[in-house]
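Below, each chain spelled out in residue letters.
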Amino acid sequence: MGTRVDSDEDGDNKGSMWELDQKLDQPMDEEAGRLRNMYKEKKFSALLILRLAYQSLGVVYGDLGTSPLYVFYNTFPNGVKHEDEVLGALSLIIYSLTLVPLLKYVFVVLRANDNGQGGTLALYSLLCRHAKIKTIPNQHRTDEELTTYSRSTFHERSFAAKTKRWLEERESWKSAILILVLAGTCMVIGDGILTPAISVLSAVGGIKVNQPDMNSSVVVLVAVVILVGFFSLQHYGTDRVSWLFAPIVLLWFLLIGGIGIFNIWKHGSRVLKAFSPVYIYHYFKRGGKKGWTSLGGIMLSITGTEALFADLAHFPVSAVQLAFTLVVFPCLLLAYSGQAAYLMNNMAHSQDSFYRSIPESIYWPVFVVATAAAIVASQATITATFSIVKQALAHGCFPRVKVVYTSRKFAGQIYIPDINWILMVLCIAVTAGFENQNQIGNAYGTAVVIVMLVTTFLMILIMILVWRCHWILVLAFTCLSLIVEFSYFFSVIFKVDQGGWVPLVIAGAFLVIMYVWHYGTLKRYEFEMHSKVSMAWILGLGPSLGLVRVPGIGLVYTELASGVPPIFSHFITNLPAIHSVVVFVCVKYLPVYTVPEEERFLVKRIGPKNYHIFRCVARYGYKDLHKKDDEFEKKLFDNLSMFVKLESMMEGCSDSDEYSLYGPETELLPRDGLLNNNGSTFSSNVEFTINSIDSIVQVKSPPPNVSNTVRSSGQVSSQTEIDEVEFLNNCRDAGVVHILGNTVVIARRDSNFFKKLAVDYIYAFLRKICRENSVIFNVPHESLLNVGQIFSV
């Protein structure tokens with residue numbers, strides 16, 4: 001029998017620490033061991049946070065930490081005219097680092113994570129749980145009972161409730177939010193292309209400082225070779241080398257901070273006057289339009305901040321905050337201040353100020369560490385790109401691609417071959433095509449500022465719907481964020497023709513792909529919903545469905561979580577036989593980061609018992625991967641058998657309508673650990689839910705001696721249970737056939753040009769080159785049966 005240990009959601013356990021101590025004095029069984037670990041975590045939580053903060057440096061802050069390599073070069077590509085320009089630029093860098101990474105992201109945006117998951121799609125999932133803004137309406141009220149489906153509740157007359165209703169009533173705004181999220185996602189993919197290009201090229205460019213006669217094409221060639229090797233090793237995953245990341249990045253931060261202190265001491269401390277914001281005013285007054293457009297270079301000092309949020313998954317928020325405030329922020333301020341101090345005395349060296357400011361005795365060690373740090377920074381953005389593509393797949397916004405887990409230890413470490421090679425080709429094209437850090441910097445800044453703007457708009461909705469903040473706080477956050485980010489945005493707009501067009505073209509191409517794929521997915525779902533078969537039609541066919549019932553089990557895959565899909569009627573209309581047992585299998589993704597194994601499956605009976613028709617809904621979160629379930633079929637049948645057993649058990653012990661299971665459709669929902677994947681145990685002190693076609697009725701589970709009750713009160717139902725379970729096993733032994741729908745979507749003849757282009761060409765092409773459903777579902781070819789359908793949109 002299973003047992004449960006209850007605890008409140010906020011960590012306020014029902015048992016006190018005194019009770020934990022009493023438990024620890026008892027024999028060391030499994031439960032006591034778990035409690036002992038809880039006690040140790042509470043006692044040594046400070047040490048644990050420090051260790052995680054150290055590890056987060058290598059994963060989260062590599063991109064942000066390598067920005068000193070190229071910020072002043074992109075700010076002053078034509079050199080410095082007056083030392084006040086350096087002071088003004090440094091003052092802008094200081095306050096940009098303070099306002100955006102420190103105040104906005106580290107202390108506000110990171111708190112908006114979805115159970116530890118970050119990124120634009122994680123914010124979208126959080127919003128989808130608090131308002132019905134998801135464009136594919138495949139959620140059911142039972143999904144809200146998942147333990148990971150956490151959401152806030154608010155009063156009907158509150159501002160949050162009014163905003164929620166306003167959004168839910170307007171389909172155009174749902175589509176607008178989705179497009180906004182996809183635009184941010186595409187820009188993050190652009191980051192995955194531009195970060196390796198600019199980081200590696202800037203690091204390798206240090207060779208020319210020591211070897212000034214070297215041709216620039218040689219530097220580009222070395223950078224390309226490093227990039228090819230870097231992307232070629234991605235399939236090994238980061239698990240084997242991740243232990244190197246944290247010490248490399250920590251050494252890098254200590255080096256740039258120490259070099260900054262050295263330069264301030266050597267070239268004068270007057271650079272510290274830049275902490276006064278007055279120099280920002282003088283900077284724009286002196287520079288005019290030129291000073292305004294130079295903001296695109298200064299904005300590179302905060303690039304990597306968006307990856308900071310996207311790479312949050314492996315670390316608690318407190319660890320990321322601690323690492324930034326204790327190491328990253330002070331070291332970056334020292335590094336930029338030291339470079340500025342050097343520039344004030346060497347105004348002609350703006351193009352390579354970082355390497356020229358290094359003491360000659362440690363030049364080559366710093367060069368090696370800089371190159372290694374650039375590779376680590378690139379790895380962070382590539383990992384974030386893989387994660388965000390995986391999330392897009394779960395939301396039905398990306399064509400089906402192969403996803404490979406590279407680590408058994410860390411579930412979040414994945415590798416997507418198709419995306420990896422696309423990123424490599426585009427990254428090499430950018431590096432070799434521009435040969436100029438300034439143009440790549442312009443492109444990089446454009447991508448980053450758009451991601452930040454998207455995050456700001458989503459955060460406004462999060463603050464209203466999820467946090468239920470006072471409107472004054474929402475207004476303050478909105479104004480402060482938009483003033484800073486729109487200033488940077490209008491600055492990079494002036495440089496669209498100087499490289500800024502690159503991320504716009506890349507993001508535009510990915511946005512078309514993602515939106516067209518989502519549109520086709522939505523239309524397929526709507527077609528199945530509108531064309532699903534009525535229960536009356538099924539009942540009218542009789543137990544044999546009007547056909548020959550051959551031995552075996554037919555698994556009919558569908559996107560519907562309720563109703564009989566049209567593929568079934570199409571199948572039995574064209575073929576003279578159907579299997580003795582039919583199971584409609586729906587694999588669907590929910591706006592949660594994961595679905596616990598014990599809550600994954602929902603089993604439902606369709607029609608009377610002698611029809612032997614069931615439905616099984618397998619639910620996944622956007623971090624889960626369906627193919628990872630190597631025993632998916634076994635788990636499905638275990639849950640099906642458990643459903644039959646519990647169904648018969650409830651019939652045997654019930655003597656009133658309260659325990660009735662009769663109805664056109666009944667559903668068993670796992671609740672409080674009732675049903676696990678192998679169907680072997682369930683708790684005696686839990687409740688389970690029976691869902692009829694009209695309503696959900698809470699049914700109390702039978703008492704602990706339920707098995708004796710069933711034996712004494714209902715030998716017939718027990719025999720029925722045994723017969724049906726044996727029947728299912730016999731059918732399974734006879735063979736399992738997987739029936740998949742191969743639905744072809746075409747545009748109507750009277751459709752406009754853009755719709756025909758999107759549906760008949762782009763979506764059709766994507767369907768041909770992406771992975772088949774049979775591969776995604778891990779279906780063996782020898783037991784696969786495809787059923788074709790055509791419908792017009």
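Residues numbered from 1 in each chain as written. Predicted model: local features only at pLDDT ≥ 70, side-chain atom pairs only at ≥ 80, totals over all residues. Heavy atoms only, no water.

(A) Summary view of the pairing of strand β4 (residues 577-589). Of all the 13 residues making up β4, 12 are buried; the element is thus mostly covered by neighbouring parts of the structure. Relative to strand β6 (residues 613-620), β4 runs parallel, the two sharing 8 bridges. Directly across from Tyr589, in β6, lies its bridge partner Tyr620. (Buried < 20%, exposed > 50% of the residue type's maximum accessible area, 1.4 Å probe, protein only. Helix = DSSP H or I, 4+ residues; strand = E, 2+ residues; numbered from the N terminus. Pairing = 2+ DSSP bridges.)

(B) How the structure looks around a nonpolar patch on the surface. Taken together, the side chains of Trp292, Phe490, Ile493 and Phe494 define a hydrophobic patch exposed on the protein surface, amounting to about 370 Å² of accessible area. By the element assignment, Ile493 lies in helix α22 (residues 471-493). (Patch = residues over 30% accessible without salt bridge, like charges linked within 9 Å, V, L, I, M, F, W, Y side chains within 5 Å. Areas by Shrake-Rupley, 256 points an atom, 1.4 Å probe, with all protein chains shown as cover. Salt bridge = Lys/Arg side-chain N within 4 Å of Asp/Glu carboxyl O.)

(C) Quick look at the nonpolar core. Ranked by size, the top nonpolar core spans 159 residues in total, and within it Tyr61, Phe253, Tyr355 and Phe398 carry the most contacts. Examining the composition of this core, we find that 19 residues originate from one element, helix α21 (residues 437-466), more than from any other. In this view, Phe253 contacts Leu57, Tyr61, Gly65, Val327, Val328, Cys331 and Leu332; residues no more than four positions away in its chain are not counted. By size, the runner-up hydrophobic cluster in this structure holds 29 residues, among which are Phe614, Phe643, Leu740 and Val779. (Core = buried A, V, L, I, M, F, W, Y, C linked by side-chain atoms within 4.5 Å. Contact = heavy atoms within 4.5 Å.)

(D) Structural context of the packing of helix α9 (residues 171-204) against helix α19 (residues 363-394). Between α9 and α19, the shortest axis-to-axis distance is 9 Å and the interhelical angle comes to 170°. The orientation of α9 with respect to α19, classified from their angle, is roughly antiparallel. Residues Thr185, Val188, Ile189, Asp191, Gly192, Thr195, Pro196, Ser199, Val200, Ala203 and Val204 of α9 form the contact with α19, whose own contacting residues are Phe367, Ala370, Thr371, Ala374, Ala377, Ser378, Thr381, Ile382, Thr385, Ile388 and Val389. In the contact of α9 with α19, the residues fall into 13 nonpolar, 8 polar and 1 charged. (Axes fitted to C-alpha atoms, helices over the stretch in contact; angles between N-to-C directions. Parallel < 35°, antiparallel > 145°, perpendicular 65-115°, else oblique. Nonpolar A, V, L, I, M, F, W, Y, C, P; charged D, E, K, R; others polar.)

(E) Highlighting the side chain of Thr456. With respect to the secondary-structure elements, Thr456 resides in helix α21. The class of Thr456 is buried, set by a relative accessible area of 0%. Side chain to side chain, Thr456 and Lys104 meet in a polar contact 2.6 Å long. Apart from the residues lying within four places of it in its own chain, the contact partners of Thr456 are Lys104, Phe477, Ser481, Leu482 and Glu485. (Polar contact = N/O pair within 3.5 Å; in protein donor to acceptor, adjacent residues only side chain to side chain.)

(F) Geometry of the packing of α9 against helix α23 (residues 501-531). Orientation of α9 relative to α23, taken along the N-to-C sense of each, is 130°, at an axis distance of 8 Å. What the angle tells us is that α9 and α23 run oblique. The element α9 and its partner α23 pack so that their crossing is right-handed. Along its contact with α9, which presents Leu178, Ile179, Leu182, Ala183, Thr185, Cys186, Met187, Ile189, Ile193 and Leu194, the element α23 presents Val502, Pro503, Leu504, Ile506, Ala507, Phe510, Leu511, Met514, Tyr515 and His518. Along the lines of polarity and charge, the residues of the contact of α9 with α23 split into 18 nonpolar, 2 polar and no charged. (Left-handed = near helix turned anticlockwise from the far one by under 90°.)

(G) Broad picture of helix α11 (residues 216-232). The terminal C-alpha atoms of α11 lie 24 Å apart, and with 17 residues this matches the ideal 24 Å at 1.5 Å per residue to within 8%. Every buried residue of α11 is listed here: Val219, Val220, Ala223, Val224, Leu227, Phe230 and Phe231. End-on view of α11: buried residues confined to an arc of 135°, all on one side of the axis. Across from the buried face of α11, at angles greater than 90 degrees, the exposed residues are Leu221 and Val225. Packing partners of the buried residues in α11 comprise α9, α10 (207-210), α19 and α20 (417-434). (Expected span 1.5 Å × (residues − 1). Arc of directions from axis to C-beta.)

(H) The packing of aromatic side chains, seen in detail. All told, the structure shown has 24 aromatic pairs when counted by the stated rule. Between Phe262 and Trp265, the aromatic rings sit 6.1 Å apart at their centres with planes inclined by 45°, giving tilted as the arrangement. With a gap of 3 residues between them, Phe262 and Trp265 both fall in helix α12 (residues 242-267), about one helical turn apart. Members of the aromatic cluster, each reached through a chain of ring pairs, are Trp252, Phe354, Tyr355, Tyr363, Trp364 and Phe367. Against the face of Trp467 rests Arg111, its NZ or CZ located 4.8 Å from the ring centre. Across the ring face of Tyr149, the terminal group of Arg129 is positioned such that the distance to the ring centre comes to 6.0 Å. (Phe/Tyr/Trp six-rings, centres within 6.5 Å; stacked < 30°, edge-to-face > 60°. Lys NZ or Arg CZ within 6 Å of the ring centre and 35° of its normal.)

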